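# Survey of secondary and tertiary structure
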Amino acid sequence: MTEITSLKDGLVADIESTDTLDALEALRVGALGKSGVVTGLLKTLGAMTPEERQAKGPAIHELRESVTAAITARKAALETAALDARLAAERLDMTLPAEVAPQGSVHPVSQVMDELAEIFADLGFSVATGPEIEDDWRNFSALNIPETHPARAMHDTFYFGDNYQVDGKAMLLRTHTSPVQIRTMVSEAPPIRIIAPGRVYRSDSDATHTPMFHQVEGLVIDKGITLGHLKWTLETFLKAYFEREDMVLRLRPSYFPFTEPSVEVDVGFTWVNGQRVMGGSGDAENGGWMELLGSGMVHPAVIRNCGLDPDEWQGFAFGVGVDRLAMLKYGMNDLRAFFDGDLRWLRHYGFSALDVPTLSGGVGA
Ligand code: DAH
């Protein structure tokens, strides 16, 4: 009996005087491990007579409990001490200035979208959004592009196929921002004035086409809207965007299923040191016309598809590539570099987070 008590006292004393976790673990194995002393004693219980077991059992169990408790307590104390030591050594002064300045910059696409929002907000437009995974009806049918229409083939659409349908409608990656027109007309009562910037997708890839790119859609629905309103709005937008008063627009008859009449808008540019600079007369000696955007008066069928009466409500719409707008203003020439995530490109073409476009401060940066 005293043997067990002195064994216990010895073990507990050893445990309490260990000063590393490794040494403590060694003691634990020596006492409670498979061939540890305490484990050995516990094993002798099986071979004892019931009387012997009654006499010695409680002391042996008490030995195991005391040793276990001593190890647990010592372990906690050593861990706390280790943590305190680390905290003291690794103290961080959060008020010190950063050694490396933040590396990020605002992508030109984001910057241009902010510029567009600023310009159009001033004209009374709000920003609308829609999902990139769209249904066939909003992306095509409601926009007056029925299933058999050749325009569908022209869009190089990414379809999800039979595995993914919603409410029996085929799902796809939207090929343009025009479905946001439908979403807005269905959910909001006119008058409507929105722009809808966002990502669009087409199965197409070369120096001027990427499978994902950005568009901004514009939509106005009101009473008595004419092509004149469209032209003034686009002209005002382009003057503000390129920060030049001498923007010249040419409206060419065109065809889009969702507008009637449809016009393609060309912008005059001037050659300066072998570079095209937007602005100036398109037919001057050293200039020309550049096709910039598609637009037109919203087709009565589209207005009707959204539950509105085309005899009461008219409007215009336009759609333009945001990446292209950025390239023309900031001088990049390869669209693919926009999406490479190359830090050198971003450092060159990116914007400071503080460079918030405002009409008063200039949207040009
Ligand atoms: N959705 C057309 C496209 O992606 C662009 C477009 C043309 C949008 C005319 C319009 C519009 O709103 O009126 O090619």
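Given the structure is predicted, the values throughout are model-derived calculations rather than measurements.

Moving on: the site of the ligand. Taken together, 15 residues lie around the ligand, and His176, Ser178, Arg202, Gln215 and Glu217 are the ones closest in. Within the contact set of the ligand, a nitrogen atom lies 3.0 Å away from a side-chain nitrogen or oxygen of Ser178. Here an oxygen atom of the ligand sits 3.1 Å away from a polar atom, N or O, in the side chain of Gln181. Coverage of the ligand by the protein chains reaches 90% of its 360 Å² of free accessible surface. Only strand S6 (212-222), strand S10 (287-298) and strand S11 (314-321) provide two or more residues apiece to the shell around the ligand. In terms of residue class, the shell around the ligand is made up of 4 nonpolar, 9 polar and 2 charged.

Let's shift gears to the packing of helix H3 (residues 37-44) against helix H4 (residues 50-89). For the pair H3 and H4, interaxial distance at closest approach is 10 Å and the crossing angle is 155 degrees. By the angle class used here, H3 and H4 are roughly antiparallel. The two elements H3 and H4 cross, and the hand of that crossing is left-handed. Packed against H3, whose contacting residues are Val38, Leu41, Leu42 and Thr44, the element H4 presents Ile60, His61, Leu63, Arg64 and Val67 at the interface. Each residue belonging to the contact of H3 with H4 can be placed in one class, and the counts come to 6 nonpolar, 2 polar and 1 charged.

What follows covers the pattern of salt bridges. Counting across every chain of the model gives 17 salt bridges. A salt bridge links Arg183 to Glu134, with the shortest nitrogen-to-oxygen separation between them at 2.8 Å. Of this pair, Arg183 sits in helix H8 (residues 179-187) while Glu134 sits in strand S2 (residues 133-135), placing them 49 residues apart in sequence. Using a relative accessible area of 25% as the deciding quantity, one classes Arg183 as partly exposed. When the shortest N-O distance is used, the salt bridge between Asp246 and Arg244 registers 2.9 Å. You can call Asp246 partly exposed: its relative accessible area is 33%.

What follows is about the sheet that holds strand S4 (residues 169-173). Read from one edge of the open sheet, 3 strands run S2-S4-S3, paired in antiparallel fashion. Where the open sheet ends on each side, the last strands, each with one partner, are S2 and strand S3 (165-166). Pairing analysis gives 3 bridges linking S2 to S4, with the strands arranged antiparallel. Bridge pairing in S4 places Asp135 opposite Met171.

Attention now goes to the domain arrangement of the protein chain. Here the protein chain is partitioned into domain 1 (2-88) and domain 2 (108-349). Relative to domain 2, the C-alpha centre of domain 1 lies at a distance of 77 Å.

With that settled, consider the nonpolar core. Core analysis: the largest hydrophobic core is formed by 46 residues, its most contacted members being Leu116 and Phe237. At the level of elements, helix H5 (108-122), S6, helix H9 (227-242), strand S8 (259-272), S10, S11, helix H11 (322-330) and helix H12 (343-349) are the ones that each hand at least two residues to this core. Apart from residues no more than four positions distant in its own chain, Leu116 is found in contact with Ile195, Val216, Phe237, Tyr241, Val322 and Leu325. Formed by 23 residues, the second largest nonpolar core is a distinct cluster that contains Leu172, Leu308, Trp313 and Ala317.

For the rest of this paragraph, the subject is the side chain of Thr259. If you trace the backbone, Thr259 turns up in strand S8. For Thr259, a relative accessible area of 3% gives the class buried. Polar side-chain contacts of Thr259 include one of 2.6 Å to the side chain of Ser262. Not counting residues within four places of it along the chain, the set of residues in contact with Thr259 comprises Ser295, Gly296, Met297, Val298 and His299.

The rules behind the values
- Residues numbered from 1 in each chain as written.
- Predicted model: local features only at pLDDT ≥ 70, side-chain atom pairs only at ≥ 80, totals over all residues.
- Heavy atoms only, no water.
- Near = heavy atom within 4 Å.
- Polar contact = N/O pair within 3.5 Å; in protein donor to acceptor, adjacent residues only side chain to side chain.
- Areas by Shrake-Rupley, 256 points an atom, 1.4 Å probe, with all protein chains shown as cover.
- Helix = DSSP H or I, 4+ residues; strand = E, 2+ residues; numbered from the N terminus.
- Nonpolar A, V, L, I, M, F, W, Y, C, P; charged D, E, K, R; others polar.
- Axes fitted to C-alpha atoms, helices over the stretch in contact; angles between N-to-C directions.
- Parallel < 35°, antiparallel > 145°, perpendicular 65-115°, else oblique.
- Left-handed = near helix turned anticlockwise from the far one by under 90°.
- Contact = heavy atoms within 4.5 Å.
- Salt bridge = Lys/Arg side-chain N within 4 Å of Asp/Glu carboxyl O.
- Buried < 20%, exposed > 50% of the residue type's maximum accessible area, 1.4 Å probe, protein only.
- Pairing = 2+ DSSP bridges.
- Domains from an automatic or database assignment.
- Core = buried A, V, L, I, M, F, W, Y, C linked by side-chain atoms within 4.5 Å.

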